[in-house]
Amino acid sequence: MCMATIKFTYALKRFFPGLKDTPAKGNTLAEIFHAAEESFPGIRSYLLDEQGRLRQHVNIFIDGNLIKDRNDLNDPFSDNSEIYIMQALSGG
Amino acid sequence: MNKQTILLGTRKGLIAYHRSNSRWAVENLSFEGQPVSIAYSDPRNGTWWACLDHGHWGVKLHRSTDRGENWEEVPAPAYPEGEEVKDGVPAATRYIWAMSHGGKHYLSKLWLGTDPGGLFISEDGGDSFQLVESLWQHPSRKTGWMGGGRDQPGIHSIVVDPRNEDHLHIGISCAGVFETMDGGRSWEVRNKGLRADFLPDPDSDIGHDPHILVAAPTDPDTLWQQNHCGIFRSVNGGMSWQEVSQPEGPARFGFAITVADDNPDQAWVAPADSDMVRTAIKGALCICRTDDGGKNWKDLRNGLPQENCFDIVYRHALASSGETVAFGTTTGNLFFSPDRGECWETLNNYLPMIYSVQFTD
């Protein structure tokens, strides 16, 4: 069965050394983060706040396009999609 | 007894200085590059805590039982699903602004203060933290609390009474001082005598800005606060406050205050030039000390830069222990005094912005 892939920014490897491209288990972004938590315990709290919203300085691209729904994570993706988790260029 | 370690929370990591043979040297650097809002050593067991404020990945909490050699991440305080700061504004932890142990009778208890205004308690040594609902549901919160120093209300001060560890005072910017006598089940407002010049009614019950609240270790009924609108002292456990600022001198506006651990009448503040300017006054850095409960203040400048200086001292970045005093500044300077501030030595001119300073063993 074909499945979308999550690709994580290298910046997260500092906190999750075993991080690698991971099959996206689920039909929504919220579901796949829930599943990613099983592979990499704690990672969900690095990407989402406790109300389930994408953190302000985290970006998600689906097949090259920035997602639009940062609060409910309802942007669609397909079985062949690549879902990139990136950090926004911010800070100092 | 002077403590021999200084723990720093900085914009670029946790840094520990240790003194041996009268020389200070860096003992540990952890979380290099990460903002550490509070570095805290629990005096009951020596556990170090690092409250991280990742720009990208949110607020995180780590602890070390071996002086920073190894760290363990524990779940950071999180607001229950659906909680709101105000109607329509979801509540999520934005910053850890205060940490305190729960006392020697509650060895597993820890308190955390956060932006946006939630107090959290752990009863399992920090394995997990829960929101203190009684304060979160206080009728004044949604309507009367506001941002001050940060965009949303924040708890920056947690003062546990060593005589009765169910008795706490907390400081909130902006709301003021709150007191519980029953371990956090119920809360009373303790702002009588404070002044909030930035409100239409300066004598308002709620909305005050105590930049930092501390108690005298030898007399916990003596409370001090460096408030946005001056320095205030209470000798009756916060039931009423008296202003003890200098009418003309530098001891007035600032963020930090510390009280001597052997004298409730002796305290130090780190003056800054008014809330409009917020730099060292006339380019010269000074600490002020009172030895008589705030009636008189003495400028302590020996060894501190006296020209072209822009440093100010954040609310958690001034500390005392026995004869010693230390403070860190917004421009990354760290100063130490072996004699209650009479003279100062520079420990480092090249640190990151310093958020917290604590003496520990």
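Heads up: these notes are all about the structure in this document. Residue numbers run consecutively from 1 along every chain, following the written order of its sequence. Throughout, the order in which chains and ligands are written sets their labels, letters from A for the former and numbers from 1 for the latter. Under the rules for a predicted model, residues below a pLDDT of 70 receive no local features and side-chain atom pairs below 80 are neither given nor counted, while totals for whole chains, interfaces and linings still include all residues.

**Side note on the sheet that holds strand 2 (residues 13-20) of chain B**
Residues and elements named next belong to chain B.
- Pairing in this open sheet of four strands is antiparallel, and the strands run 3-2-1-30 from one edge to the other. The two strands at the open ends of the sheet, each matched to only one other strand, are strand 3 (23-30) and strand 30 (354-360). Strand-to-strand twist of the sheet, defined as the mean angle between neighbouring strand axes without regard to direction, takes the value 20 degrees.
- Being paired, for any two strands, means DSSP has found at least two bridges between them. Helix and strand labels come from DSSP, where a helix needs a run of H or I of at least four residues and a strand needs a run of E of at least two; each type is numbered from the N terminus. Summarising the sheet, strand 2 and strand 3 pair through seven bridges and their orientation is antiparallel. Pairing of S20 across the sheet is with R23, part of strand 3. The axes used here are C-alpha line fits, helices contributing only the stretch in contact, and every angle between their N-to-C directions lies in the interval 0 to 180 degrees.

**Here's the deal with helix 1 (residues 29-39) of chain A**
All names here are of chain A.
- Taken together, the buried positions of helix 1 are occupied by L29, I32, F33 and A36. Viewed along the axis of helix 1, the buried residues span an arc of 105 degrees, placing them on a single side of the element.
- Along its buried surface, helix 1 packs onto strand 1 (5-8), strand 2 (22-23), helix 2 (43-47) and strand 3 (58-62). As a rule, residues whose C-beta atom has 12 or fewer other C-beta atoms within 10 Å are exposed, those with 20 or more are buried, and those in between are partly exposed; C-beta atoms are placed from the backbone. Here, the arc refers to the directions that run from the helix axis to the C-beta atoms. Residues are defined as contacting one another if the C-beta atoms placed from their backbone atoms lie within 7 Å.

**Points about the sheet that holds strand 28 (residues 334-337) of chain B**
Residue and element names in this part refer to chain B.
- Read across the sheet, four strands follow the order 26-27-28-29 without closing on themselves; strand pairing throughout is antiparallel. The open sheet has two free edges, formed respectively by strand 26 (318-321) and strand 29 (345-348), since each of these has just one partner strand. Shown here is a sheet whose adjacent strand axes are inclined to one another by a mean of 20 degrees, direction ignored.
- Sheet topology places strand 26 next to strand 27 (residues 324-328); four bridges connect them, and they run antiparallel. Note on strand 27: the bridge partner recorded for S321 is T324.

**Focus: the interface of chain A and chain B**
- Counting residues at the interface gives 14 residues for chain A, matched by eleven residues for chain B.
- Any residue outside Ala, Val, Leu, Ile, Met, Phe, Trp, Tyr, Cys, Pro, Asp, Glu, Lys and Arg is labelled polar, Gly included; the first ten of those are nonpolar and the last four are charged. Partitioned by chemical class, the residues of the side of chain A that touches chain B number three nonpolar, seven polar and four charged.

**Topic: the pairing of strand 28 of chain B**
Residue and element names in this part refer to chain B.
- The alternating pattern of strand 28 places L334 and F336 and F335 and S337 on opposite faces, both of which are buried.
- Sheet analysis places strand 27 next to strand 28, joined by four bridges and oriented antiparallel. Residue pairing for strand 28: A326 is matched across the bridge by F336.
- In this antiparallel pair of consecutive strands, strand 27 and strand 28, the connection spans five residues, and G332 shows a positive phi of 80 degrees.

**Some points on the environment of F33 of chain A**
Residue and element names in this part refer to chain A.
- Of note, F33 is situated in helix 1.
- Spatially, the C-alpha atoms of F33 and I43 are 8.2 Å apart, while their sequence positions differ by ten residues.
- F33 has contacts with R44, L47 and L48, leaving out every residue within four places of it along the chain.

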